Amino acid sequence: MSTKSQVLTLLMKQAPDFISGEEMAQQLSLSRTAIWKAINELKKEGHMISSSRNKGYSYDTTDILSAEGIKLALSPTTPTLSITILDSSESTMKDAKLAAINGEPNNTLIVADIQEAPKGRFGRPFFSKAGSGIYMSMLLRPNQRFEEMAQYTVIMAVAAARAMDELANVTTEIKWVNDIYLNGKKIGGILSEAMSDVESGQISNVIIGMGINFSLKQEEFPEELQEKATSLFSSKTPTVTRNELIAAIWNQFYRILEQLPAEDFLEEYRQKSFVLGKTVSFSQAGTEYIGTATGINERGELIVKLSDDTEKIISSGEISLSTIK
């Protein structure tokens, strides 16, 4: 861990109390000069650090993304994460794929302050603004056969919804299969991709990406999105930091994984769904269908009842709400 990282971690742990430079130097086995240089570097990066001749230094909570801030908010039961923070990224999914190719370890998390070319499902772009969103991708190395794989997209949706509800005191909903909604508007989307080993037939890598509109004001969205999208804190000052929300999401994610198969996340997913009971339209094998979404099965697939009382099972692709009852 770098000197700057050690100093930042100690300041965050101590906050909001002051800690003297001498005590920091003793705890970290560093010189007072090294402490002073690290604090100046942190201030240049935008961290708010108060100083007092008699008291020392105090860290003022800011919403700057940091690996140190995320790690401090992780649960003791959450696996150790290898975290990389980027000022900007073309796509954290691409970054995670490159990490997989380069042999980065299991549980490698890449977080960007802004994505220059963010993509959702089917390669669709979405709006991104520095300092106002969360753009992250996790590299997992499950080394399991496809039939043994956890339903990562569904688990991630439940984990994100839980974390947002708890920390922001809201009630989110889930649109099958991968979107998080608040007050009828989209605030986040999830994308999962798997890479398999041809020789073993196992899934060697899974990458889970998520984009969250965190603190964008409603008027900051492009006009064409203002009726469709919103953010977690679109009309009020955030009550948590992005670091805290990121940690909370992964705490919930790994908690669900740890408790499988006892964890009934699918039931929670069903309860959160605003698609069930609605009329939906979708395409399968080039044919358009309209029916009522009646259930989500144990594989996370959507069950749609058509007008002739037959049922269609949708395991991938997209649905669109044609009416809201």
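Before reading further, recall that the structure is shown in the block above.
Since the model is a prediction, treat every value here as computed from it, not as a measurement.

Novice: Which residues make up the sheet that holds strand β7 (residues 179–182), and what values go with them?
Specialist: The mixed open sheet is built from 7 strands, whose spatial order is β3-β4-β5-β9-β8-β7-β6. Two strands close off the open sheet at either side, each with one partner strand: β3 (82–86) and β6 (173–175). The average angle at which neighbouring strand axes cross in this sheet is 20°, direction not considered. Here strand β8 (residues 185–196) runs beside strand β9 (residues 203–213); their pairing, made up of 9 bridges, is antiparallel. Pairing of S192 across the sheet is with I208, part of β9.

Novice: Could you give an account of the nonpolar core, with specific residues and numbers?
Specialist: Core analysis: the largest hydrophobic core is formed by 65 residues, its most contacted members being M136, L232 and F253. Here the element with the most residues in this core is helix α6 (residues 152–168); it accounts for 12 residues. Residues within four places of L232 in sequence aside, it is in contact with M164, A168, V170, L182, I187, N213, F214 and L245. Listed in part, the 16 residues of the second largest apolar core include L8, L42, Y57 and Y59.

Novice: Tell me about the packing of aromatic side chains, residues and numbers included.
Specialist: All chains considered together, the criterion is met by 7 aromatic pairs. Pairing W250 with Y254 gives two aromatic rings, centres 6.3 Å apart and planes at 45°, and the pair type is tilted. Taken together, the residues span about one helical turn, with W250 and Y254 both in helix α7 (residues 242–259) at a distance of 4 residues. Like Y254, W250 is buried. A centroid spacing of 5.3 Å and a plane angle of 90° characterise the contact between F253 and Y254, whose relative ring orientation is edge-to-face. Members of the aromatic cluster, joined through ring pairs, are Y152, W250, F253 and Y254.

About the cut-offs
- Residues numbered from 1 in each chain as written.
- Predicted model: local features only at pLDDT ≥ 70, side-chain atom pairs only at ≥ 80, totals over all residues.
- Heavy atoms only, no water.
- Pairing = 2+ DSSP bridges.
- Helix = DSSP H or I, 4+ residues; strand = E, 2+ residues; numbered from the N terminus.
- Axes fitted to C-alpha atoms, helices over the stretch in contact; angles between N-to-C directions.
- Core = buried A, V, L, I, M, F, W, Y, C linked by side-chain atoms within 4.5 Å.
- Buried < 20%, exposed > 50% of the residue type's maximum accessible area, 1.4 Å probe, protein only.
- Contact = heavy atoms within 4.5 Å.
- Phe/Tyr/Trp six-rings, centres within 6.5 Å; stacked < 30°, edge-to-face > 60°.

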